[in-house]
Each structure stands twice: as C-alpha cells, then as structure tokens.
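Close look at the chain arrangement
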Amino acid sequence: MDKNKNGLHAPSAIKLPIFQDEPCCNAVKNDVTGATPRLDQPFITGTIPTKAGNVPQVQPVLTRRDRWGSVKARLGIDRMNYKVDPGLYALGNPDTSSPVLVTANYKMSFDRLRGGLPGLNAWILVLDTKGINVWCAAGKGTFGTEELIRRIAASGLQNIVSHRNLILPQLGAPGIAAHSVKKFSGFRVNYGPIRAEDLPAYLAAGMKATAAMRIMTFPLKDRAVLIPIEFVEAMKAFLIIAPVFLFLGGIAGSGSFGANAASHGLFAVTALLSAVIGGTVLNPLLLPYLPGRAFSVKGFFLGFVIAFFLLYLRGSNMQLWSGRAEAAAWFLIIPAVSGYLAMNFTGCSTYTSLSGVKREMHWALPVQIAAGAAGIVVWFASRLIAGE
Amino acid sequence: MINLVYLKNVVTLRLDEGKCTGCGMCLEVCPHGVLKMNNSAAFIQNRDACMECGACRRNCPAGAITVQSGVGCATAVINSLLGRKGGDCCCSIDSDDTGKSGCC
C-alpha cells in the first residue's frame, strides 16, 4: 500500500525476483530463470523460432484428451495436479505484433483460453500458480505482480514482441498491481474480459471491454458445473457416516436387527443422502430462487422441505412418541446437513465476501452443530423408546 | 438475469476520495460494478455488491482504497479455524504474501 508514497525511486518497495525455493514434493525443480516449458507435454504440437529461442506451440483446438482431463478435474480426480508448465507458449503462429495473453498454469484455465480463440495467433504467458485457477491464485497472490515480472524476464518476452502490452484476465486483478508491472517490466497490463469467450470481441474492439464483459455473473451453467466436485466431496463423508446410522438403526426397536436396519436404518441413510443432495445439488441449481441472503438459510430452507417431504412419504405413526421423536430428529438433522453444505458453497460462488461469510458462520455454524447433535440424540432416543 | 447479492452492511471497502486521482482503474477491475466515477473521483455506489476481492485496492496507484480482502469461502474459514491448510476449497485464506500454497 505504501509503495507509492515512497515515490518512483524506491525499487525496494517491491521484492523483485528473489526465488524462495520452497521444496515441493511434486514440483519439478526447473521453474526458475530461463526455464521454458517442457516439449513433451501432450498438447504441444511443435516449436516456433524466436529471437529468444524456440517457443513451444499449441493449437486453439481442444482434443478429446483435453476435454476428458476437464471432466476428471470437475469430478475431483487428480485435480490438484492438473497443470501445464509455466512459461511462454505460441498459440498458432504468432509474430512480433501478436497479442500476449497471460494465464494460470491450471490446465483448465489454459485450455479455456486457447479453446476460446479460434483462428487467433497469440502468445500465451503462463504463470506458475501451482495448478490453481486465475481467480483463486490471484486471491492467494501466486497469480501475482512478482511472478508476472519474473516470468516476463525469464521468457525473454521483450525480445519476442515489438509492443509492450499484456492482456490479463480481469479476475487476475486481485493479485496484480498493474502500475508496478509497468514500472518494473515496462509492460502495460490491460485487463481483458472476465470470460475467455469474450476475448475475440475485446480484441476486435481494440482491447476495449464492454461493461457487461466486466461484470461477474453466476448463471445456471456456471453453478451446475460445480455440482460434481461438491457432491463427490460430501459423499466421502456420507459413505463413512451412513453405515453407522444403518447399524444404530438396527440395534434398538421391537423387531429383529435386520428388520430394524431395513426400516429405520435405511430411512436414516435415505434422509442423509437427501440432505447431501439438497446442499450440494439443489442449492447450486436453485440458488437465486431460494429465500435468504445467507447460504445457510437457503440450505436450511431446502432441508426443511426435504424433511417434510420424506416424512410425509414415510407416514410414521405420529400418535406414538417414537414416531414423533423420529420426525423431530430428521427436522433437525436434514436442515443441519444441507445448511452446512450450502454454506460451503460460498467458496464456489462469485459474490460472497470474506466479511460476510464470517458473519454468516458466526451464527450458522453453531446452529448447524447444535441441530445436528441434538437431532442425532433425539433420533437414537426414538429408537430406544421404540424398543421398550 | 437475477443479480445475486450477499449480506448487507458487512463489507470493509473504504475509499478516500481525497487521495483518488480519478484514473478509473478501480472501475475497470471491479467484477461487480461497485465503484462509479463522479467528475474527478471514484465513489462507492453499491457497497453490498462488493466481494472483497481486493482488485481495486491492489490496482489503485494512489493508495486511496482500503479493504480487508480475502476469499469468501466457508470451507477455507473452517480449515483455518482447524489449523489446516488448503483442504477441499481451492482457496485458502492465508493473507501473508509469502506465496506459500497448500502444495504438499
């Protein structure tokens, strides 16, 4: 912040290329000065010669292998290791006047960019963000000013292009101080549109973004693609907890273990699964239409609706205390679970602030824990009552 | 398109209009149209839409903007409460600029 107060002659204000080489188990230790991307990466189709040496070439077309990689990453398979080597790439056949696009080394970010630019020749400068997308990496600072300045120098970009313009995704702005990049590298940072598919229009307009290109929305399609990873993560916990409920459902009650497990245990498992679906599938899909601003409230609402629906279908005997207690238990547990999972969707959304999330969690997390714990106690008590 | 808005009156964004030079960089980087230009200086038009990403602060050459930036992610908050790094969420909220990531 105080960088600018010191005036222009204070290079110490920014830590220029000092390579804190943190040992990293899966990183190839070659990513410092002068490093060029490996040529044996499967999407590289050749090299093109430049004044700064050969630059690996990629095409603006995604192969089946690229698409399959995206599907796997969306499902959480090897997602943290879905990377391209940092450095400079040639998209198509760029020359000294071609635009320079900057992106992260998450393979999906890289593919989004090149796949959205049919027929365009450009340079792509990939920053080392440890395989994290632009937005998250900018928040962390790995898609950052220092890394950009270092990559510009390491790639020899000043000898490859005749102009001094870079195009960065607007969502990289939290990590990049455009004025510092200009000061230390000579390159001007131009923030392009938020979405890669708007890049051709942005370029055609002479690097001018329309107001709509600058606004981050969260349409159904964007929410839907996030469902698999949320659901898969929640299912990992579900698969551990479900057998416990199945077992506890069996041990008390009037009938045999098997009969009890099949009735109460199986209903418990169904209820939990429905809660997971509520929090990780229905919440993202219905987000704008659910009541409340806090995500937990949206999740609680879904949980109540689901609980009501399931208990209606179950048609328990509400004359009996065991039936009432079981119903009460699920009215506590299902909203607690779906509310918690819905709250965790804040991280995927495009409009929640950290201050807001903290305020929400301050009341919502205790409510979720209390409701969940009370629900489990009441549920188990309902099983014991039924056994008398 | 329904405009999604999160909680009211909670955002930490502040703009010192005295320091603002009116360059307009903050308007360009803001993904939610929070700031607008008023003759010679920017002003905050829609504070509740701010997601505290910090893009405006980082790109303000005059240092006129303050915001406690971070990622609005409950998973990351829980992970930091539990002393874990990284975790399920792609974003962790270590605000120190050491560039350490949950790599290992």
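The model shown is predicted, which means the values in this text are computed figures rather than measured ones.

Concerning the overall build of chain B
Counting secondary structure elements, chain B contains three helices and four strands. Ordering the α and β elements of chain B from the N terminus gives β-α-β-β-α-β-α. For chain B, the residues scored as buried account for 44% of the 104 residues in total. Across chain B, contacts joining residues at least 24 apart in sequence account for 39% of those joining residues at least 6 apart.

Topic: the overall build of chain A
Counting secondary structure elements, chain A contains 13 helices and seven strands. Here the C-alpha atoms of chain A give a radius of gyration of 27 Å, more than 25% beyond the 21 Å that 2.2 N^0.38 yields for 388 residues. Within chain A, the fraction of its 388 residues that count as buried is 45%. Here the analysis covers contacts within chain A between residues at least 6 apart in sequence; of these, 68% occur between residues at least 24 apart.

What to know about the domain arrangement of chain A
Residue and element names in this part refer to chain A. What the domain assignment lists for chain A is domain 1 (11–216) and domain 2 (221–387). With centres defined by C-alpha atoms, the gap from domain 1 to domain 2 works out at 42 Å. Across the contact, four residues belong to domain 1 and six residues belong to domain 2.

Points about the nonpolar core
A:Val100, A:Val102, A:Trp123, A:Ile124, A:Val181, A:Ile333 and B:Cys26 are the most contacted members of the largest nonpolar core, which has 117 residues in total. Residue contributions to this core peak at 13 residues, all from helix α12 (residues 321–344) of chain A. Lining this core are residues from two domains, each supplying at least three of them: domain 1 (11–216) and domain 2 (221–387) of chain A.

So, the environment of A:Leu75
All names here are of chain A. Checked against the element boundaries, Leu75 lands in the loop between α1 (64–74) and β3 (87–91). Assessed through the 13 C-beta atoms surrounding it within 10 Å, Leu75 is described here as partly exposed. C-alpha separation for the pair Leu75 and Val232, spaced 157 residues apart in sequence, amounts to 7.0 Å. Excluding residues that lie within four positions of it along the chain, Leu75 makes contacts with Pro228, Ile229 and Val232.

With respect to the packing of helix α4 (residues 145–155) of chain A against helix α6 (residues 178–185) of chain A
Residue and element names in this part refer to chain A. At a minimum axis distance of 10 Å, the contact between α4 and α6 shows a crossing angle of 30 degrees. The angle between α4 and α6 falls in the class roughly parallel. Considering the relative orientation of α4 and α6, their crossing is right-handed. For the pair α4 and α6, contact is made by Thr145, Leu148, Ile149 and Ile152 and by Ser180, Val181, Phe184 and Ser185, respectively. Per-class residue counts for the contact of α4 with α6 are five nonpolar, three polar and no charged.

Remarks on the packing of helix α9 (residues 227–251) of chain A against helix α10 (residues 257–286) of chain A
Each pair of packed helices gets described by two things: the angle between the helix axes and the distance between those axes. Residue and element names in this part refer to chain A. Two numbers describe how α9 lies on α10: the axes approach to 8 Å, and their chain directions differ by 160 degrees. One finds that α9 runs roughly antiparallel with respect to α10. Note that α9 runs across α10; the crossing there is right-handed. When its residues are assigned to classes, the contact of α9 with α10 shows 19 nonpolar, eight polar and one charged.

Cut-offs applied
Residues numbered from 1 in each chain as written. Chains lettered and ligands numbered in written order. Predicted model: local features only at pLDDT ≥ 70, side-chain atom pairs only at ≥ 80, totals over all residues. Helix = DSSP H or I, 4+ residues; strand = E, 2+ residues; numbered from the N terminus. Buried ≥ 20, exposed ≤ 12 C-beta atoms within 10 Å, placed from the backbone. Contact = placed C-beta atoms within 7 Å. Rg over C-alpha atoms; globule rule 2.2 N^0.38 Å. Domains from an automatic or database assignment. Core = buried A, V, L, I, M, F, W, Y, C linked by C-beta atoms within 7 Å. Axes fitted to C-alpha atoms, helices over the stretch in contact; angles between N-to-C directions. Parallel < 35°, antiparallel > 145°, perpendicular 65-115°, else oblique. Left-handed = near helix turned anticlockwise from the far one by under 90°. Nonpolar A, V, L, I, M, F, W, Y, C, P; charged D, E, K, R; others polar.

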